[in-house]
Amino acid sequence: MPDLPYTLIAELTYRCPLRCPYCSNPTDARDHGPELSTSEWQTILTQARELGVLQLHLTGGEPLARKDLEALVRHARSLDLYVNLVTSGVPLSKERLAELARAGLDNVQVSIQSIDRARSRAIAGVDVFDDKRQVLEWVKALGLPLTLNVVLHRDNLDEVEALIAYAEQVGADRLELANTQYLGWALVNREALLPARAPLIAAHTLASKAAQWLAGRMEVLFVMPDYHTRHPRACMDGWARRFLHIAPDGTALPCHAARSLPLTFLRAPEHSLAEIWHRSPAFEAFRGQAWMKPPCRDCERREQDFGGCRCQAFALTGDPAATDPACSLSPHRKRVTDARAQAGEQRPRRYLYRGTRGPGAPG
Amino acid sequence: MTIEPARRYQLADKVKLVFDSNRKAPMLLYPERGLSLNEVAAAIARACGQPVTVAEIARILRERFPEASPQTIEQDVIAFLQELERRGLLQSVG
């Protein structure tokens, strides 16, 4: 019997006004089916709660693009889910945010790209710097708990100290300094995004110190990029163990990137979440240890990191059951160390922005 | 960080106490995470729904658990409040 899912990540839409080159949406997002209706999402939320889910992330794309967001928040609130809105903050009015707060938001997570306007525009691909600043003020004015999220990469890693000060200034309850995970768009843009080791270590040190002195006031989380660690990350706390992810068209996944894998994923709500979670072959595929190959199979860390990320293993080796090349024991480790060696080199680099034609498409 | 007897404490705004019927346990939910609570911890968390002192929480618990020694109760209250404070889940309201 698998564990019960604890968190539902509801990816309401792939639509987004921003074009960040590390977007976690699939690079072929446009090719997927139509978005679920309001009542289909409500069915999914109800089933998720019955299945054991307590935390709900409403995300995207940009979830504000859904006109029924308020209705979904109200429904989640009626189920006693902890409702976290994960947003770029664009486009939003103070009235709509107040309505969402009344509907039952428990936490708002706003992402920013940089504390510098020009850099922010260069990363997001659009000028939304002032809009975001405004949204942060509204969140606090409405008394909502605020998580500030920043995806880190070589073009903003030097801002960590300033970002911590900024987060304090805007009254964030939690600051997530999360290095880019090199999948999807971020893998396409890896050469432009992957930082060298020295600035990364410096940033990590600053964040660790800040986490100590701010303990009890503001939570500071720093996520290392696994390209620069010895062990792979315990991706999603293990395959289909704690997280259930629903894509805009209802496809149920163990994580946002999993639809890149050669597996057949079922759609909700036409298939119930209980069936998907407990009985679907794709969710069973990498649970437990039977699927593991050496060196994972005999590794003493196999219950800590679960062999790392399946999507990264597949993206870098072509085998979804391979040891994640982020692991120093992986026979494919060179794929990671080569990229890392190039990361220190200074050369002109340009982003391929999300929303431009997919990287594999002709013409 | 120390819990002071004269101060009043309350759960932070971001915290939500729910009963999880699947795991048959009260849970304290906050961004990204949750704490599964035992009966005593849940009683303390419930009392912290409004501003309270350690002594007031202890009094509520003594009624609820008459067989426990008052000293143990007070130690439990302080220890749990410290855990909450360490995680940023408790606010001091004067």
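What comes next concerns the included structure. (Residues numbered from 1 in each chain as written. Chains lettered and ligands numbered in written order. Predicted model: local features only at pLDDT ≥ 70, side-chain atom pairs only at ≥ 80, totals over all residues. Heavy atoms only, no water.)

A short note on the packing of helix H2 (residues 54-64) of chain B against helix H3 (residues 70-86) of chain B
Residue and element names in this part refer to chain B.
Argument step 1. Two elements in contact, H2 and H3, have axes separated by 9 Å at closest approach and are oriented at 125°. One finds that H2 runs oblique with respect to H3. Our pair here, H2 against H3, has a crossing hand that is right-handed. Between H2, through Val54, Ile57, Ala58, Leu61 and Arg62, and H3, the contact on the second element is made entirely by Pro70, Ile73, Glu74, Val77, Ile78 and Leu81.
Argument step 2. When its residues are assigned to classes, the contact of H2 with H3 shows nine nonpolar, no polar and two charged. (Axes fitted to C-alpha atoms, helices over the stretch in contact; angles between N-to-C directions. Helix = DSSP H or I, 4+ residues; strand = E, 2+ residues; numbered from the N terminus. Parallel < 35°, antiparallel > 145°, perpendicular 65-115°, else oblique. Left-handed = near helix turned anticlockwise from the far one by under 90°. Contact = heavy atoms within 4.5 Å. Nonpolar A, V, L, I, M, F, W, Y, C, P; charged D, E, K, R; others polar.)

Here we look at the interface of chain B and chain A
Argument step 1. If you look at the interface, chain B gives 20 residues, while chain A gives 27 residues.
Argument step 2. Between chain B and chain A lies a buried interface of about 1,800 Å² when both sides are counted; carbon and sulfur atoms form 46% of it.
Argument step 3. In this structure, the salt-bridge partner of B:Arg33 is A:Glu219, at a minimum N-O distance of 2.9 Å.
Argument step 4. Linking chain B to chain A there are 12 residue pairs in polar contact (both at pLDDT 80 or more).
Argument step 5. Looking at the side of chain B that touches chain A, the element that brings in the most residues is strand S2 (residues 16-20) of chain B, giving four residues. (Buried area = accessible area lost by both parts, 1.4 Å probe. Salt bridge = Lys/Arg side-chain N within 4 Å of Asp/Glu carboxyl O. Polar contact = N/O pair within 3.5 Å; in protein donor to acceptor, adjacent residues only side chain to side chain.)

Some details on the layout of surface pockets
A probe as big as a water molecule, rolled over the atoms, marks out the empty space that is left.
Argument step 1. Estimated volume of the second largest pocket: approximately 500 Å³.
Argument step 2. Residue lining of the second largest pocket: 25 residues in total, with A:Asp173, A:Gly216, A:Arg217, B:Lys14 and B:Gly88 positioned closest to the centre.
Argument step 3. Of all elements in the fold, only helix H6 (160-169) of chain A together with strand S5 (90-92) of chain B reach the threshold of two or more residues within the lining of the second largest pocket. (1 Å grid on protein atoms, 1.4 Å probe; cavity = no way out; pocket = protein on both sides within 12 Å on 5 of 7 lines; lining within 4 Å. Points joined across faces, edges and corners; volume = space filled by probe spheres on them.)

Focus on the packing of aromatic side chains
Any two aromatic rings considered together are summarised by their centre-to-centre distance and by the angle between their planes.
Residues and elements named next belong to chain A.
Argument step 1. Counting across every chain of the model gives five aromatic pairs over all chains.
Argument step 2. Arranged with centres 5.3 Å apart and planes meeting at 70°, the rings of Tyr182 and Tyr227 form a pair that is edge-to-face. On the criterion of sequence distance, the pair formed by Tyr182 in the loop between strand S6 (174-179) and helix H7 (185-188) and Tyr227 in the loop between strand S7 (219-223) and strand S8 (243-246) is long-range, its members being 45 residues apart.
Argument step 3. By relative accessible area, Tyr182 is classed as buried at 1%.
Argument step 4. Between Phe286 and Trp291, the aromatic rings sit 5.2 Å apart at their centres with planes inclined by 80°, giving edge-to-face as the arrangement. Judged on exposure class, the residue Phe286 and its partner Trp291 are both buried.
Argument step 5. Grouping aromatic residues by their ring pairs yields a cluster made of Trp239, Phe286 and Trp291. (Phe/Tyr/Trp six-rings, centres within 6.5 Å; stacked < 30°, edge-to-face > 60°. Buried < 20%, exposed > 50% of the residue type's maximum accessible area, 1.4 Å probe, protein only.)

Here's the deal with the nonpolar core
Argument step 1. One finds A:Leu177 and A:Ile246 to be the most contacted residues of the largest nonpolar core, which totals 86 residues.
Argument step 2. Once residues within four sequence positions are removed from consideration, A:Leu177 is found in contact with A:Val150, A:Leu152, A:Val160, A:Leu163, A:Ile164, A:Ala207, A:Val220, A:Leu221, A:Phe222 and A:Val223.
Argument step 3. Core analysis: the second largest hydrophobic core is formed by 29 residues, B:Val15, B:Leu35, B:Ile44 and B:Val54 among them. (Core = buried A, V, L, I, M, F, W, Y, C linked by side-chain atoms within 4.5 Å.)

Description of the sheet that holds S8(A)
Residues and elements named next belong to chain A.
Argument step 1. Taken together, nine strands build an open sheet; the order of strands is S7-S6-S5-S4-S3-S2-S1-S8-S9 and the sheet is mixed. Two strands close off the open sheet at either side, each with one partner strand: S7 and strand S9 (252-253).
Argument step 2. Two strands pair when backbone bridges link them, and S8 and S9 are joined in this way by two bridges, in the antiparallel orientation. Within S9, the residue paired with His245 across the bridge is Leu253.
Argument step 3. Across the sheet, helix H1 (residues 38-51) lies against strand S1 (7-11), strand S2 (55-59) and S8, angled at about 170° from S1, the strand it touches most. (Pairing = 2+ DSSP bridges.)

Structural notes on empty space enclosed by the protein
Residue and element names in this part refer to chain A.
Argument step 1. Overall, the coordinates contain three cavities of 30 Å³ or more when judged by the stated rule.
Argument step 2. Its volume calculated, the largest cavity comes out at about 110 Å³.
Argument step 3. If you go around the largest cavity, you meet 14 residues; those closest to its centre are Cys235, Gly238, Trp239, Gly308 and Arg310.
Argument step 4. The residue makeup of the lining of the largest cavity, split by class, is 11 nonpolar, two polar and one charged.
Argument step 5. If you trace the second largest cavity, you find it lined by His231, Pro232, Pro295, Cys296, Cys299, Arg301, Arg302, Asp305, Gly307, Thr323, Cys327 and Leu329.
Argument step 6. Broken down by class, the residue content of the lining of the second largest cavity amounts to six nonpolar, three polar and three charged.

Overview of the sheet that holds strand S4 (residues 33-36) of chain B
Residue and element names in this part refer to chain B.
Argument step 1. The antiparallel open sheet is built from three strands, whose spatial order is S2-S3-S4. The open sheet has two edge strands with one neighbour each: S2 and S4. Neighbour-to-neighbour, the strand axes of this sheet turn through a mean angle of 30°, independent of strand direction.
Argument step 2. Relative to strand S3 (residues 25-30), S2 is paired through five bridges, and the arrangement is antiparallel. Note that in S3 the partner of Leu17 across the bridge is Leu28.

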